[in-house]
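Architecture and fold: a report
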Amino acid sequence: MTHTVEKIGGTSMSRMNELRDTLFIKNDEPEYGRIFVVSAFGGITNLLLEHKKTGAPGVYARFANAEDDHGWFDALNEVSAAMIAAHEAVLDNAGDVAQATAFVQERIEGARNCLIDLQRLCSYGHFRLNTHLLQIRELLSGLGEAHSALVAVLMLQRVGVNARLVDLSGWRGDADMSLEQRIETALEGVDPAQEMPIVTGYAQCAEGLMREFDRGYSEVTFSQLAAQTGAREAIIHKEFHLSSADPKLVGAENARKLGHTNYDVADQMANLGMEAIHPSAAKTLRQSGVPLRVTNCFEPNDPGTVIDDQPAPKAAAEIVTGLDIIALELFEQDMVGVKGYDAAVLDILTRHNVRIVSKVTNANTVTHYLDASLKSMRRVEADLLARFPQAEVNSEKLSLISVVGRDLSGLHVLARGMNALEKKDILPRGATQGPRNVDTQFILQREDKDAAIALLHSEFFGSTESQALKAA
């Protein structure tokens with residue numbers, strides 16, 4: 001097949017009316033041979049579950065905590081209002097708006113009745129709510145993508161595009177299918193050459209996408225769809241280009257579009273919170289031989305950045321990025337020569353679902369650089385002290401800056417980076433470079449992060465001196 005599978009994120013979906021005549025339609029004609037996988041409108045999944053960044057509770061969090069019956073009721077009403085406002089902003093036909101509103105009301109009330117029935121069932125001692133929480137999370141997640149997919153179909157059909165809704169959310173379905181079966185069944189009779197399938201980013205399946213991938217489920221659906229249908233290319237449409245650094249930090253005139261990189265670099269980016277694609281989704285594409293393209297959807301004529309499995313033609317830095325971290329240090333004088341400390345720390349971090357970004361060890365100290373909340377860290381520290389009562393456990397807020405590239409060999413990134421930072425009186429707390437030469441990491445005080453990114457970018461990519469001095 002010669003089709004592409006393309007994913008649109010939530011922020012872009014909220015502006016889909018702006019993209020209609022450039023992304024979906026080109027030269028006044030529908031461009032078929034493309035399957036679109038869509039996310040929920042921007043902010044909707046936060047309201048359904050919890051806010052991805054702040055942790056503010058949504059419907060799921062309020063229902064799971066069960067502090068009162070009215071909390072999740074009110075939250076569900078808020079979701080309904082937000083969904084309706086989202087499609088009213090992009091649809092300009094009254095009939096389409098009415099159809100989308102009726103769809104929202106039907107799905108929201110169905111979810112409300114389901115939660116009420118479950119709450120009533122769990123009021124009996126033989127049933128426990130916590131055994132159903134994952135299913136509730138999946139049910140709620142599917143509401144957002146089903147809504148945005150329908151709205152996209154209505155908008156496109158209104159202008160003559162043969163758009164078709166492919167709903168993978170399993171709403172009111174009774175079949176227990178794997179993800180592969182769900183996709184295969186839903187695509188029966190679909191011909192991308194003659195129609196434009198709009199597919200929900202959430203797919204209900206026996207594996208339970210949220211169990212393993214949580215909020216990354218839409219990219220997993222996207223990658224599986226591309227691999228399973230033998231797509232020529234998988235495309236992710238974002239609101240920005242993949243660049244050598246944040247243009248706000250280094251100046252838009254200095255940031256460079258990547259253009260071409262590989263999955264190794266994409267993995268390093270994901271580890272630093274600069275996610276081009278979920279690592280599991282990248283694995284699926286890589287193993288199936290489907291190249292990935294990341295584009296700026298608001299610059300439709302720009303080819304964007306291709307991510308594949310090819311090595312770099314020559315050594316070069318490609319990205320400078322950073323992440324706020326917490327350094328967790330376990331010091332035990334008697335650790336030297338004794339096995340088991342590192343394994344015990346890893347077990348505790350895993351139990352508290354804390355993500356490890358990097359780590360260093362010496363004879364009597366294990367230091368993990370973590371992407372975690374302070375609340376989680378307090379629990380981790382308590383467990384570590386209970387496990388190692390003679391140890392000293394310390395946590396400190398820091399930042400990790402990384403220079404990333406497919407091949408950094410011969411560039412002396414560690415030495416040049418340390419020298420560039422020292423010239424501006426920035427003293428790293430630590431630095432490391434692995435033997436594979438794909439990234440070099442600098443550990444710094446948080447207040448130095450932005451300046452360090454600008455300085456390192458200037459060192460390896462060149463930029464106006466005024467920008468580096470301003471950042472410093």
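Source: prediction; values computed, not measured.

Describing the overall build of the chain
Of regular secondary structure, the chain possesses 18 helices and 16 strands. In terms of overall dimensions, the chain is globule-like: its C-alpha atoms have a radius of gyration of 24 Å, near the 23 Å expected for 472 residues. With respect to the three principal axes, the spread of C-alpha positions in the chain is 65 × 60 × 40 Å. Within the chain, the fraction of its 472 residues that count as buried is 51%. Considering only residue pairs separated by 6 or more positions, the chain has 76% of its internal contacts joining residues 24 or more positions apart. As presented, the chain carries roughly 21,800 Å² of accessible surface, and 47% of it is formed by carbon and sulfur atoms. Separation between the mean location of the 46 positive side-chain charges and that of the 64 negative ones in the chain comes to 2 Å.

Some details on the sheet that holds strand β8 (residues 260-262)
On the basis of which strands lie adjacent, the open sheet formed by eight strands has the order β5-β6-β4-β1-β7-β9-β10-β8 and mixed pairing. Either end of the sheet is taken by a strand with one partner, and the two such strands are β5 (163-166) and β8. Shown here is a sheet whose adjacent strand axes are inclined to one another by a mean of 25°, direction ignored. Bridge analysis of strand β7 (residues 233-238) against strand β9 (residues 292-296) gives five bridges, and the strand direction is parallel. Paired with H237 across the bridge in β9 is T295. Each of β1 (4-8), β4 (34-38), β6 (196-200) and β7 touches helix α2 (residues 16-24); the most contacted strand, β4, lies at about 155° to it. The sheet strands contacting helix α10 (residues 217-228) are β1, β4, β6, β7 and β9, and the helix crosses β1 at an angle near 170°.

Remarks on the sheet that holds strand β16 (residues 439-444)
If you trace the six strands from one edge of the open sheet to the other, you get β12-β13-β11-β14-β16-β15, paired in antiparallel fashion. At either end of the open sheet lies a strand with only one pairing partner, and these are β12 (355-361) and β15 (430-433). Ignoring which end each strand starts from, the neighbouring axes of this sheet average 30° apart. As paired elements, strand β11 (residues 319-331) and strand β13 (residues 365-371) share six bridges and run antiparallel to each other. Across the sheet, residue F331 finds its bridge partner in β13, namely T365. Here helix α12 (residues 263-271) sits on the sheet in contact with β11, β12, β14 (392-404) and β16, set at roughly 95° to β12.

A look at the pairing of β7
Most of β7 sits inside the fold, with six of its six residues counted as buried. Residues E233, I235 and H237 line one face of β7 and the alternating positions A234, I236 and K238 line the opposite face, and both faces are buried. Note: β1 against β7, five bridges, orientation parallel. Bridging across to β7, T4 finds its partner in E233.

Notes on the pairing of β13
Consecutive side chains along a regular strand alternate between the two faces of the sheet. Judged by how many residues are buried, β13 sits mostly within the fold: six of seven residues are covered. Both β12 and β13 contribute to a ladder of six bridges, which runs antiparallel. By the bridge assignment, V360 is partnered in β13 with T367.

Notes on the packing of helix α16 (residues 413-423) against helix α17 (residues 449-461)
One way to put it is that α16 packs onto α17 with a least axis distance of 9 Å and a crossing angle of 125°. Here α16 is positioned oblique relative to α17, judged by the angle of their axes. Here the hand of the crossing between α16 and α17 comes out right-handed. Facing α16, whose interface residues are V413, R416, G417, A420 and L421, α17 presents A452, L455, L456, E459 and F460. Here the residues of the contact of α16 with α17 are counted per class, giving seven nonpolar, one polar and two charged.

As for the environment of E109
Its location among the elements puts E109 in helix α6 (residues 94-121). Take E109: its relative accessible area is 37%, and that puts it in the partly exposed class. Residues E109 and E188 lie 79 residues apart in sequence; the distance between their C-alpha atoms is 30 Å. In this structure the side chain of E109 is engaged in a polar contact, spanning 3.3 Å, whose partner is the side chain of R112.

Regarding the pattern of salt bridges
Any two side chains of opposite charge can pair, given that their charged atoms come close. Overall, the coordinates contain 26 salt bridges when judged by the stated rule. The partner of R20 in a salt bridge is D21, and the shortest N-O contact between them spans 3.1 Å. Among the salt bridges present, the one from R112 reaches E109, with a minimum N-O distance of 3.3 Å. Note that R112 and E109 are positioned in helix α6 at a spacing of three residues, about one turn of the helix. Residue R112 is classed as buried on the basis of its relative accessible area, which comes to 8%. Connected through salt bridges with shared partners, the residues E6, K26, E31 and R34 form a single ionic network.

Considering the layout of surface pockets
For the second largest pocket, the calculated volume is near 600 Å³. Lining the second largest pocket we find 28 residues, and of these Q135, E138, L139, G170 and Q204 sit closest to its centre. Of all the secondary structure elements, the ones that give two or more residues to the lining of the second largest pocket are α6 and α7 (133-158). With seven residues, α7 is the largest single contributor of residues to the lining of the second largest pocket. In terms of residue class, the lining of the second largest pocket is made up of twelve nonpolar, ten polar and six charged.

The rules behind each value
Residues numbered from 1 in each chain as written. Predicted model: local features only at pLDDT ≥ 70, side-chain atom pairs only at ≥ 80, totals over all residues. Heavy atoms only, no water. Helix = DSSP H or I, 4+ residues; strand = E, 2+ residues; numbered from the N terminus. Rg over C-alpha atoms; globule rule 2.2 N^0.38 Å. Buried < 20%, exposed > 50% of the residue type's maximum accessible area, 1.4 Å probe, protein only. Contact = heavy atoms within 4.5 Å. Areas by Shrake-Rupley, 256 points an atom, 1.4 Å probe, with all protein chains shown as cover. Lys, Arg positive; Asp, Glu negative; His and termini not counted. Charge placed at Lys NZ, Arg CZ, Asp CG, Glu CD. Pairing = 2+ DSSP bridges. Axes fitted to C-alpha atoms, helices over the stretch in contact; angles between N-to-C directions. Parallel < 35°, antiparallel > 145°, perpendicular 65-115°, else oblique. Left-handed = near helix turned anticlockwise from the far one by under 90°. Nonpolar A, V, L, I, M, F, W, Y, C, P; charged D, E, K, R; others polar. Polar contact = N/O pair within 3.5 Å; in protein donor to acceptor, adjacent residues only side chain to side chain. Salt bridge = Lys/Arg side-chain N within 4 Å of Asp/Glu carboxyl O. 1 Å grid on protein atoms, 1.4 Å probe; cavity = no way out; pocket = protein on both sides within 12 Å on 5 of 7 lines; lining within 4 Å. Points joined across faces, edges and corners; volume = space filled by probe spheres on them.

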